[in-house]
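The primary structure of each chain is shown beneath.
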Amino acid sequence: MLELVRTARVDLRKSDRKVADVLLSDPHRILNATVAETAEIAEVSQPTVIRFCTAIGCDGFQDFKIRLAQSLALGTPATQSAISDEDAPDQVAAKIFDYTMTSLDWARHKLDIGQMNAAVELILNARSLEIFGFGASAIVAQDFQQKFPLLGIPAHATLDSHQQVMAASMMKPGDVAVTISNTGATMSIVELARLAREQGAKVISITGASQTALANYSDILINVETLDNTDLFTPTTSRIAALVAVDILSTLVARRLGSDHNLQLVRMKRYLAQMRKNEVF
């Protein structure tokens, strides 16, 4: 709710912005205020407060209060989680936790389950998967590679740029390329998606932005939009959100594979547990 207000503020009427400003400066005070008290704090009329609620997409003041309470229950909003040089270590830890939880909740509400289900269908019918990512996205690609062979689906996460081009240009119909880029604008990833599609492969893109160059070469776009920005001390929530998206995908695929395959996974986990204890398989 607070991020919605922050982004909508520039388009609000001048009097409505007064309500937005007092809300962003002290959301807990507004949470416990009546319409009349909110109007007094913002130095506006009561109808202006109601109009503000409608302008940001709420069905009146009570709906606004409910949604605000839900947002605050999750943790400190991202707008109040900026880390400064003066923060003590416990404040830094609290702000990173709060920022990450708020950002993940934002991503959850933006996630298109229809696109997720379409990706599951592609993966289940794939001959093989090629996963591409750079930087922080390469970490997500490696996690993807770790999970899907356990589901009986060949998956390769090539990290060398030359080998990535080779892999994309050798794909065939029936293969699926998974491109991972938070911005959706990394030209190397866009080129890999284009190459893969030219060979007849399908492309699933995991990105934090839908209107990007990468979207032009994607059959399925899994949008995991977060509140990431380029501030010096901003936590990398985009990577965490992308990892959650991979978890969702792998779980949905695993549920479709049946009990026999799940028994294999149970045995595999038992072997791993025995290995950790230095027991004989």
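Scroll up to find the structure.
This report concerns the structure included in the present document. Small disclaimer: the values here were computed from a predicted structure and weren't measured.

## Quick notes on the packing of helix α10 (residues 161-169) against helix α11 (residues 187-198)
Here comes step 1: Close contact between α10 and α11 brings their axes to 8 Å; oriented N to C, the two are set at 25 degrees. Classified by the angle between their axes, α10 and α11 sit roughly parallel to one another. Of α11, the residues touching α10 (which contributes Gln164, Val165, Ala168 and Ser169) are Leu192, Leu195 and Ala196.
Here comes step 2: Residue composition of the contact of α10 with α11, grouped by class: five nonpolar, two polar and no charged.

## Focus: the sheet that holds strand β2 (residues 155-157)
Here comes step 1: As summarised here, the arrangement of the five strands in space is β2-β1-β3-β4-β5, forming an open sheet in which the pairing is parallel. In this open sheet, the two edge strands, each paired with only one partner strand, are β2 and β5 (220-223). Strand-to-strand twist across the sheet, computed as the mean angle between neighbouring axes with direction ignored, equals 20 degrees.
Here comes step 2: Sheet analysis places strand β3 (residues 176-181) next to strand β4 (residues 202-207), joined by six bridges and oriented parallel. If you follow Ile180 over to β4, its bridge partner there is Ile206.

## What to know about the packing of aromatic side chains
The relative placement of two aromatic rings is captured by the distance of their centres and the angle of their planes.
Here comes step 1: Counted according to the given criterion, the structure contains three aromatic pairs.
Here comes step 2: Each ring, one from Phe61 and one from Phe64, has its centre 5.9 Å from the other, and the planes form 40 degrees; the classification is tilted. One end of the pair, Phe61, and the other, Phe64, are both in helix α6 (residues 61-74), three residues apart, so they sit about a helical turn from each other. Considered together, Phe61 and Phe64 belong to a single accessibility category, that of buried residues.
Here comes step 3: Considering the side-chain rings of Phe144 and Phe148, the 4.3 Å spacing of their centres and the 15 degrees angle between planes classify their relative orientation as stacked. A single burial state applies to Phe144 and to Phe148, both of which are buried.

## With respect to the pattern of salt bridges
Here comes step 1: Tallied over the full model, the rule gives eleven salt bridges.
Here comes step 2: Salt-bridge contacts for Asp143 lead to Lys147; the nearest nitrogen and oxygen are separated by 2.8 Å. Residue Asp143 and its partner Lys147 are located together in helix α9 (residues 136-147), separated by four residues, close to a single helical turn.
Here comes step 3: On the accessibility criterion, Asp143 (17% relative accessible area) is buried.
Here comes step 4: Within the structure, one salt-bridge network assembled from shared partners comprises Asp143, Lys147 and Asp247.

Procedures and definitions
Residues numbered from 1 in each chain as written. Predicted model: local features only at pLDDT ≥ 70, side-chain atom pairs only at ≥ 80, totals over all residues. Heavy atoms only, no water. Axes fitted to C-alpha atoms, helices over the stretch in contact; angles between N-to-C directions. Helix = DSSP H or I, 4+ residues; strand = E, 2+ residues; numbered from the N terminus. Parallel < 35°, antiparallel > 145°, perpendicular 65-115°, else oblique. Contact = heavy atoms within 4.5 Å. Nonpolar A, V, L, I, M, F, W, Y, C, P; charged D, E, K, R; others polar. Pairing = 2+ DSSP bridges. Phe/Tyr/Trp six-rings, centres within 6.5 Å; stacked < 30°, edge-to-face > 60°. Buried < 20%, exposed > 50% of the residue type's maximum accessible area, 1.4 Å probe, protein only. Salt bridge = Lys/Arg side-chain N within 4 Å of Asp/Glu carboxyl O.

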